[in-house]
Amino acid sequence: MAKKEEKTNVMRLLTAAKIPFTAHYYDHEDGQIDGAAVARKLGQPPERVFKTLVTRGTGKSAKNYYVFVIPVEQELDLKAAAKAAGEKAIEMIHVSELLALTGYIRGGCSPVGMKKPFPTFFDQSAAAQPTIMVSAGRIGAQVEVEPRLLIPFVKGTLAPLTKEK
């Protein structure tokens, strides 16, 4: 049990920046690590638990990467995301590229502490929440933080990013 609750790099970075957060841990032995399952396991409303998605521009800007942070039960609207990023179009990167690009694995990707800073966009719904939860950088750990502190820390921008339900 002790191993599960050790500090992650994300937690160390937030602490160093004097950004208050609450660490949350969940059991992932059952393999259920999708965002909706994480929200349920933590007893949190899904509109407060956010997933981190990594994309790339298409065409000439295929070397441009972008990070989108959206509520776990929502779907990224690629047209809205491209508009926010100032791209003609964007596409999701393949999961096999994630670790080398960000330093994180699927299910543990955080907008905090990636290998390199990428333009980062948060769904505008984050601004309406007192706190949001994002991955703490590994499966089984989340950090709860005020969006008004987290977004500027990662040099993020608010934008409409999700598909209408």
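Provided above is the structure to which this section pertains.
Residues numbered from 1 in each chain as written. Predicted model: local features only at pLDDT ≥ 70, side-chain atom pairs only at ≥ 80, totals over all residues. Heavy atoms only, no water.

Draft legend 1. Spotlight on the sheet that holds strand 8 (residues 156–159). On the basis of which strands lie adjacent, the open sheet formed by five strands has the order 4-2-3-5-8 and mixed pairing. Each end of this open sheet is capped by a strand with a single partner; those strands are strand 4 (90–92) and strand 8. Averaged over all adjacent pairs, the angle separating strand axes in this sheet is 35°, with direction ignored. Pairing of strand 3 (residues 65–71) with strand 5 (residues 120–123) involves three bridges; the strand directions are parallel. Within strand 5, the position partnered with Val 67 by the bridge is Thr 120. On top of the sheet, helix 4 (residues 95–102) reaches strand 2 (50–57) and strand 3; it is set at about 95° to strand 2, its chief contact. (Pairing = 2+ DSSP bridges. Helix = DSSP H or I, 4+ residues; strand = E, 2+ residues; numbered from the N terminus. Axes fitted to C-alpha atoms, helices over the stretch in contact; angles between N-to-C directions. Contact = heavy atoms within 4.5 Å.)

Draft legend 2. Layout of unusual backbone geometry. One non-glycine residue, Lys 18, lies in positive phi territory at about 60°. Tracing the sequence through the fold places Lys 18 in the loop between helix 1 (9–16) and strand 1 (21–25). Given a relative accessible area of 74%, Lys 18 falls into the exposed group. Despite not being glycine, Lys 155 has its phi angle at roughly 55°, a positive value. Here Lys 155 shows up in the loop between helix 5 (147–153) and strand 8. (Buried < 20%, exposed > 50% of the residue type's maximum accessible area, 1.4 Å probe, protein only.)

Draft legend 3. Representation of the nonpolar core in the model. In this structure, Val 54, Met 114, Phe 122, Ile 132, Val 134, Val 143 and Leu 150 are the most contacted members of the largest nonpolar core, which totals 28 residues. Of all the elements in the fold, those that place two or more residues in this core are helix 1, strand 2, strand 3, helix 4, strand 6 (132–135), strand 7 (141–145) and helix 5. Discounting chain neighbours no more than four positions away, the residues touching Val 143 are Val 10, Met 11, Leu 14, Phe 21, Thr 22, Ile 132, Met 133, Val 134, Ser 135 and Ala 136. In this structure, Tyr 66, Ala 81, Ala 82 and Ala 85 belong to the second largest nonpolar core, which totals twelve residues. (Core = buried A, V, L, I, M, F, W, Y, C linked by side-chain atoms within 4.5 Å.)

Draft legend 4. A look at the layout of surface pockets. Its boundaries defined by the atoms lining it, the largest pocket holds a volume of some 500 Å³. Those elements that provide at least two residues to the lining of the largest pocket are helix 2 (35–42), strand 2 and helix 4. Top contributing element to the lining of the largest pocket by residue count: strand 2, with five residues. Looking at the lining of the largest pocket, its residues break down into 15 nonpolar, seven polar and three charged. In this model, the second largest pocket occupies a volume close to 220 Å³. Here the lining of the second largest pocket is composed, by residue class, of eight nonpolar, two polar and two charged. (1 Å grid on protein atoms, 1.4 Å probe; cavity = no way out; pocket = protein on both sides within 12 Å on 5 of 7 lines; lining within 4 Å. Points joined across faces, edges and corners; volume = space filled by probe spheres on them. Nonpolar A, V, L, I, M, F, W, Y, C, P; charged D, E, K, R; others polar.)

Draft legend 5. How the structure looks around the pairing of strand 7. For strand 7, a buried count of five out of five residues is recorded, marking the element as mostly surrounded by other parts of the structure. Both faces of strand 7 are covered, namely the face carrying Ala 141, Val 143 and Val 145 and the face carrying Gln 142 and Glu 144. In terms of strand pairing, strand 1 meets strand 7 through five bridges, oriented antiparallel. Paired with Phe 21 across the two strands is Val 145, which belongs to strand 7. Pairing geometry for strand 6 and strand 7, over four bridges, is antiparallel. Within the sheet, the bridge partner assigned to Ser 135 lies in strand 7 and is Gln 142. A loop of five residues connects strand 6 with strand 7, the two strands running antiparallel in sequence, and Gly 137 in this loop sits at a positive phi of about 100°.

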